[in-house]
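Structural overview for review
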Amino acid sequence: MRTSPLPLHPPLLLLLAVMTLVPIALPTSSPAPSPRPSSPLAWTRPPVLLRPSTRLPLAGCPLTPPAGPMGTAPSGARQTARRAMVGARGVVGDVSVPSTDAIPNIVESSGVDKMLRSRARRALEASGVLAKWLRGSPEEESIYCNLPSDPEDREFDKGFCTLNPEGPGLRYDPELMLKPDGVVEYAKVATRLTQIIATFSGLFFAIFRDELMDEQDGSETVRARASQMRAQLIELGPTFVKVGQVLANRPDIVRADYMEELTKLQDKVPPFDSKVAFEMMEDGLGRPVDEVFSKITTEPIAAASLGQVYRATLRSTGEEVAVKVQRPTAASDIKRDLYLLRLVGSAFNDIAIRRIGADALSLLDEFAENLLLELDYKQEARNIVDFQENFAGDDSVKIPGVYPQLTSEKVLVMEWIQGIRCTDLEGLSRLGVPISSFIRVGVESGMRQLLEFGLFHGDPHPGNVFALGDGRIAYVDFGSVAEISKANKESLIDTVVH
């Protein structure tokens, strides 16, 4: 049975907030007062000291010394301490965050006085922390976010989008790459925005209704809602499928029932028409498919966010290969979505910096740049070659071969990997691969990528990491890779060693 909540008026809310913050054990020392002379949160008087007590002569009380226990004025030493305390704070109304440095040792120690002083100090310090969190600070940004805070530094930090590496190189520029060109494109953006709003508003309303109905985790309704979210991400296209894949690797922010559904986005996305895929193969290969492959599956073996994979046999050598074909509208859909995401991010960027210390636009640009690089299969082929050179001679890691002469921007031909998903524990047991040794191999290969090569696989979800029958670990899908600077590599090494 539900009970209606009691009405809470603003004064009562303030009182409850203070009562909640008072018992919190905060450090006994506080930073120097904020140098800002005027602030929307400037205090006129600490709320816990609205009723000054003669037993607790704190800053903010009347300047007239209270009477002593026998009706006499306090001693000269105590008056001097009090003047020093008031002088340290200055005028009460000009202080943004109250100082509590002078609170101790004003009244002789006793159980009640000590408790009152301690709780008053904690309340003032807690309110100062709350005020600082509300208005944010550059220091918080540097703590929570490793992206440059200055706009010019952020621009300088952006890499080069090597969509055309044979040319001079194309620097990532949102205005150049994402901005719609012409009235027709803006109309498509407006239509897309309407679709996204309609899809997510319906989903959020359904989740909110489930919360009101007290649906328990793992219930049929919650599982159905998680399945609905997965279906709607697929409906919205590659960008949102990619977002779902990222969230599927974050158990710290996604519930288990939702994460179980999101993991299906890693290699179980509905494919597009194979007829269109074969036409794209011929365009990419520059000749009929039958001339290149003696055998090829009529339907894809797997489909993911950006493309789908066919299994084929090379006519020239008889080798088994995987043929990856990009979704025909992936590039245009992704650029349109990224443009909309940047619009939303720019609207909330200042709030994001103040509240969580993260630059929303820089995060979005990092995501956008990596996603645009994944659209170029020629770049992925070069990434595979780099990984082959790095792991040459390592008998525990398998990097598939690649055929650059058969690869184009939207078609990639690489060696077929016959293995099982790294999360299939029963499959590992059937292969006779000890789980502990396979985990060790995975950790060692990951550490080598980070600490030795400085080039690492940027999307190692279970759909891209396989176990082979001989115990080796195999990586596929090298569209998303990243490099680590020498300074960051040294920092990681220091962290691991020490």
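For the structure itself, look to the data block above.
Residues numbered from 1 in each chain as written. Predicted model: local features only at pLDDT ≥ 70, side-chain atom pairs only at ≥ 80, totals over all residues. Heavy atoms only, no water.

1. Brief notes about the overall build of the protein chain
The helix and strand inventory of the protein chain stands at 19 helices and 13 strands. Burial analysis of the protein chain (498 residues in total) assigns 40% to the buried set. Of the contacts formed within the protein chain by residues at least 6 apart in sequence, a portion of 65% connects residues at least 24 apart. Split by element, the accessible area of the protein chain, about 28300 Å² in all, is 59% carbon and sulfur. (Helix = DSSP H or I, 4+ residues; strand = E, 2+ residues; numbered from the N terminus. Buried < 20%, exposed > 50% of the residue type's maximum accessible area, 1.4 Å probe, protein only. Contact = heavy atoms within 4.5 Å. Areas by Shrake-Rupley, 256 points an atom, 1.4 Å probe, with all protein chains shown as cover.)

2. Here we look at the packing of aromatic side chains
A ring pair, where both rings are aromatic, is described by two values, the distance of the centres and the angle of the planes. Applying the stated rule across the entire model yields six aromatic pairs. Relative to phenylalanine 240, the ring of phenylalanine 200 lies with its centre 5.7 Å away and its plane at 50°, an arrangement referred to as tilted. Remark: phenylalanine 240 occurs in helix H9 (residues 238-247) and phenylalanine 200 occurs in helix H7 (residues 183-212); sequence separation between them is 40 residues. Its relative accessible area of 9% is what places phenylalanine 240 among the buried residues. An aromatic cluster is present here, built from Phe387, Phe391, Phe453 and Phe478 joined pairwise through their rings. Directly above the ring of tyrosine 377 sits lysine 324, whose terminal nitrogen or CZ lies 5.0 Å from the centroid. (Phe/Tyr/Trp six-rings, centres within 6.5 Å; stacked < 30°, edge-to-face > 60°. Lys NZ or Arg CZ within 6 Å of the ring centre and 35° of its normal.)

3. Here we look at helix H8 (residues 220-236)
Counting along an α-helix, one turn takes 3.6 residues, and residues three or four places apart therefore face a common direction. Here H8 contains 17 residues, and its C-alpha end-to-end distance of 24 Å stays within 8% of the 24 Å for a straight helix at 1.5 Å per residue. Burial in H8 covers these residues: Val222, Arg225, Ala226, Met229, Arg230, Gln232, Leu233, Ile234 and Leu236. Residues of H8 that are buried make contact with H7, H9, helix H10 (256-262) and helix H13 (330-347). Among the residues trailing H8, glycine 237 stands out with phi positive, at a value near 110°. (Expected span 1.5 Å × (residues − 1).)

4. A few points about the pattern of salt bridges
Counting across every chain of the model gives 20 salt bridges. The closest approach of N and O atoms between aspartate 257 and arginine 255, which form a salt bridge, is 3.2 Å. The salt bridge partner of lysine 324 is aspartate 477, with a shortest N-O separation of 3.5 Å. Here aspartate 477 lies in the loop between strand S12 (473-475) and strand S13 (481-483) and lysine 324 lies in strand S6 (residues 320-326), a separation of 153 residues in the sequence. What makes lysine 324 buried here is its relative accessible area of 14%. Sharing partners across several salt bridges, the network here consists of Glu185, Lys188, Asp333 and Arg336. (Salt bridge = Lys/Arg side-chain N within 4 Å of Asp/Glu carboxyl O.)

5. A closer look at the sheet that holds S12
Across a sheet, strands are paired by hydrogen bonds formed along the backbone, either parallel or antiparallel in direction. Spatially, S7-S12-S11-S9 is the arrangement adopted by the four strands of the open sheet, whose pairing is mixed. Among the strands making up the open sheet, the edge pair consists of strand S7 (397-398) and strand S9 (420-421). Pairing of S7 with S12, which is carried by two bridges, proceeds in the parallel orientation. Looking at S12, one finds that valine 397 is bridged to isoleucine 473. (Pairing = 2+ DSSP bridges.)

6. So, the nonpolar core
Across soluble globular proteins, nonpolar side chains show a tendency to be buried alongside one another. Core analysis: the largest hydrophobic core is formed by 31 residues, its most contacted members being Leu178, Leu262, Leu338 and Leu372. Of all the secondary-structure elements, those providing two or more residues to this core are H7, H8, H9, H10, H13 and helix H15 (360-374). With near-sequence residues (within four places) excluded, leucine 262 lies in contact with Met229, Leu233, Gly244, Leu247, Ala248 and Val254. In terms of nonpolar packing, the next biggest core, distinct from the first, is built from 25 residues, Phe391, Leu412, Phe453 and Phe478 among them. (Core = buried A, V, L, I, M, F, W, Y, C linked by side-chain atoms within 4.5 Å.)

7. As for the side chain of asparagine 383
Topologically, asparagine 383 is positioned in helix H16 (residues 377-390). Not counting the four nearest positions on each side in its chain, asparagine 383 is found in contact with Phe478, Gly479 and Val481.

8. A closer look at a negative patch on the surface
Residues Asp273, Glu279, Glu282, Asp283, Asp290, Glu291 and Glu299 make up a contiguous surface patch of negative charge. Elements supplying a minimum of two residues to the negative patch: helix H11 (274-285) and helix H12 (289-292). Per-element accounting of the negative patch gives the leading share, three residues, to H11. Along the chain, the position of glutamate 299 falls in the loop between strand S3 (293-296) and strand S4 (302-303). In this structure glutamate 299 comes out as partly exposed when scored by relative accessible area, which is 48%. (Patch = residues over 30% accessible without salt bridge, like charges linked within 9 Å, V, L, I, M, F, W, Y side chains within 5 Å. Lys, Arg positive; Asp, Glu negative; His and termini not counted. Charge placed at Lys NZ, Arg CZ, Asp CG, Glu CD.)

9. Let's talk about H15
With 15 residues, H15 extends 21 Å from end C-alpha to end C-alpha; this agrees with the ideal 21 Å at 1.5 Å per step. Looking at H15, one finds that the buried residues are Ala360, Leu361, Ser362, Asp365, Ala368, Glu369, Leu371, Leu372, Leu373 and Glu374.

10. Some points on the environment of proline 238
For proline 238, the location among the structural elements is in helix H9. Overall, proline 238 belongs to the buried group, its relative accessible area being 8%. Excluding residues within four positions of it along the chain, proline 238 makes contact with Ser305, Leu306, Ala330, Asp333 and Ile334.

11. Remarks on the packing of H8 against H9
Packing of H8 against H9 brings their axes to within 5 Å, and their N-to-C directions diverge by 140°. One element, H8, and the other, H9, form an angle in the oblique class. Between H8 and H9, the contacting residues are Leu233, Ile234 and Leu236 on the first element and Pro238, Phe240, Val241 and Gly244 on the second. Its residues assigned to classes, the contact of H8 with H9 shows six nonpolar, one polar and no charged. (Axes fitted to C-alpha atoms, helices over the stretch in contact; angles between N-to-C directions. Parallel < 35°, antiparallel > 145°, perpendicular 65-115°, else oblique. Nonpolar A, V, L, I, M, F, W, Y, C, P; charged D, E, K, R; others polar.)

12. Here we look at the environment of valine 325
Positionally, valine 325 belongs in strand S6. With 87 residues separating them along the chain, valine 325 and leucine 412 place their C-alpha atoms 6.7 Å apart. Ignoring sequence-local partners within four residues, the contact set of valine 325 consists of Phe272, Ala277, Met280, Met281, Leu306, Gly307, Gln308, Tyr310, Tyr377 and Lys410.

13. A look at the pairing of strand S5 (residues 307-314)
Of all eight residues making up S5, six are buried, and the element is well covered by its neighbours. Two elements, S4 and S5, share two bridges in a ladder whose sense is antiparallel. The residue bridging alanine 302 from the neighbouring strand is valine 309, located in S5. Counting the residues that bridge the hairpin from S4 to S5 gives three residues. The pairing of S5 with S6 spans seven bridges and is classified as antiparallel. Across the sheet, the residue bridging to glycine 307 is glutamine 326, located in S6. Counting the residues between successive antiparallel strands, the hairpin from S5 to S6 contains five residues, one of them, glycine 318, with a positive phi of roughly 80°.

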